[in-house]
Amino acid sequence: MTMAPEPYTISVPQERIDSLRTKLSLAEFPDELAASEWDLGVPLADLKRLTKAWAEFDWKQAEARLNEVPQFHAPINVDGFGDLDIHFVWQRSEVKNAIPLLFVHGWPGSFIEVLKILPLLSTPGGPAFHVVAPSLPNFGFSEGPKKRGFAAAQYAETCHKLMLSLGYDEYVTQGGDWGFTITRSIGYLYPDHCKASHINMVPASPPVFKKNPILALQHSLTSYSRKEEDGFERTKWFSKEGRGYNLMQSTKPQTLAYALNDSPIALLAWIYEKLHDWTDGHLWTDDEILTWISIYQFSRMGPGAAHRIYYEVTHTQPGPGKVTSAETGGYIGVKLGLAYNPKELVVYPKTWCRTLGPVVYESDNESGGHFYATEQPSWLARDLRTMFGEGGGAYGVVKGKSGYDSNRARL
């Protein structure tokens, strides 16, 4: 059933901006050990500098820039949870037969991650895409559920029903981080609608002869390359030195929410650390950092709500209507594109990653980290245009939507 969503304009009340500045002005910082580096967390000098910059930051200018992108909101009924008001970016291409693409962000990201690829995907010369990028429930300017149990299946249902409501009965997806889990859940639950997926974080397991005989044979006969060994080292680093946040968010999200909701300094440190550690030397500007974090600060459900997804997904038990890591990490018969970035959080050999589904496209990048759409937007656009373009492994997967047409869409 199609519907006409209402336009959405970001407009944070001035009193919330004033409250933020007051809290920043009252910040009390801890001390720091001599010779402290990033291995201990955000250096004190960095945080003090960003705190001062945030106090002087013109959110209204940032807000105006964000509002240049076409945004909407619509009620989406999620089984057992009622209607949720979902905010989303919706950029429609002038190409009539553009491919509907659902872009799903993760944490600590938001819809902001799609912005750099929008101009690269909508133009003719194709294939072109109609891009839909929702703020996930509890993130950004979307409403969140009021009761427990909203996990991977519900996030997938929300995104799927959003696409259907916009008239996209068939579509393709792109995601990393929670975007991996959610788009994989969509492919698992709605394979007749989700025709192909591209992912840029690829958690996977070694192939086994019972399920993946050819890949298992390749794996057993081939030594790991230097690049694959480096990937294991990166994965080991993340597991040993970088996952503390995950344990906290997966076990006691409410306790963490008190700190993040009340203290913008806590929020700044909590997210900025990830922007630094999870990229491949990306040169963040202060404006990028502060816009990114301000979306959390001014989010509809509050800065602590986004972490609830960690608890709910981690504690999901197998059963009817449920999606667990066993499903998202197993073989799903939706055509699949994979991007390998050396500074991703988990970096596994291709023989492992190909166990996830019928792989029709791979890009093996020499640089890049966790925030692929932000760090390397032109590469992500290249991936999508190659995978879904003429001669690509997923060309023509959406019926009647090749991505190529000289006529302008009827918007």
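Preceding block: the structure.
Note that the structure is a prediction, hence the values are computed from the model and not measured.

*Asks:* How should the side chain of arginine 234 be read in this particular structure?
*Replies:* Within the secondary structure, arginine 234 is located in helix α8 (residues 226-242). It is glutamate 344 that comes nearest to the buried, bridge-free arginine 234 among opposite-charge side chains, at 6.8 Å. Beyond its immediate chain neighbours, meaning those up to four positions away, arginine 234 contacts Asp277, Trp278, Pro342, Lys343, Glu344, Leu345 and Val347.

*Asks:* Can you help me understand the pairing of strand β3 (residues 82-91) in this one?
*Replies:* Side chains on a regular strand alternate between the two faces of the sheet. With eight of ten residues buried, β3 is to be regarded as a mostly interior element. The antiparallel hairpin formed by strand β2 (residues 71-78) and β3 contains three residues in its connecting segment, where glycine 80 sits at a positive phi of about 85°. Of the strand pairs in this sheet, β3 and strand β5 (residues 129-134) are connected by four bridges, and their pairing is antiparallel. The partner of phenylalanine 88 across the bridge, within β5, is proline 134.

*Asks:* Explanation requested: helix α2 (residues 44-56) in the structure shown.
*Replies:* Three or four residues apart is the spacing at which side chains of an α-helix point the same way, because the helix has 3.6 residues per turn. For α2, spanning 13 residues, the distance from its first C-alpha to its last is 19 Å, which sits close to the expected 18 Å at 1.5 Å a residue. All of the buried residues in α2 are Leu44, Leu47, Leu50, Thr51, Ala53 and Trp54. Taken together, the buried residues of α2 touch α1 (14-25), α11 (264-277) and α12 (286-297).

*Asks:* Honestly, the sheet that holds β2 in this entry has me stumped. Any pointers?
*Replies:* For sheets, the rule is that strands pair by backbone hydrogen bonds, running either parallel or antiparallel. Taken in spatial order, the nine strands make up an open sheet running β1-β2-β3-β5-β4-β6-β7-β8-β9, and their pairing is mixed. Whereas interior strands pair on both sides, the edge strands pair on one side only; in this sheet they are β1 (6-7) and β9 (359-364). Pairing geometry for strand β6 (residues 171-175) and strand β7 (residues 194-199), over five bridges, is parallel. By the bridge assignment, glycine 175 is partnered in β7 with isoleucine 199.

*Asks:* Would you take a moment to explain a nonpolar patch on the surface for this structure?
*Replies:* A grouping of Phe209, Leu217 and Leu221 is seen on the molecular surface, where their side chains present a nonpolar patch of about 350 Å² in accessible area. Within the fold, phenylalanine 209 resides in the loop between β7 and α7 (213-221). Look at phenylalanine 209 and you get exposed, because its relative accessible area is 53%.

About the cut-offs
- Residues numbered from 1 in each chain as written.
- Predicted model: local features only at pLDDT ≥ 70, side-chain atom pairs only at ≥ 80, totals over all residues.
- Heavy atoms only, no water.
- Helix = DSSP H or I, 4+ residues; strand = E, 2+ residues; numbered from the N terminus.
- Buried < 20%, exposed > 50% of the residue type's maximum accessible area, 1.4 Å probe, protein only.
- Lys, Arg positive; Asp, Glu negative; His and termini not counted.
- Salt bridge = Lys/Arg side-chain N within 4 Å of Asp/Glu carboxyl O.
- Contact = heavy atoms within 4.5 Å.
- Pairing = 2+ DSSP bridges.
- Expected span 1.5 Å × (residues − 1).
- Patch = residues over 30% accessible without salt bridge, like charges linked within 9 Å, V, L, I, M, F, W, Y side chains within 5 Å.
- Areas by Shrake-Rupley, 256 points an atom, 1.4 Å probe, with all protein chains shown as cover.

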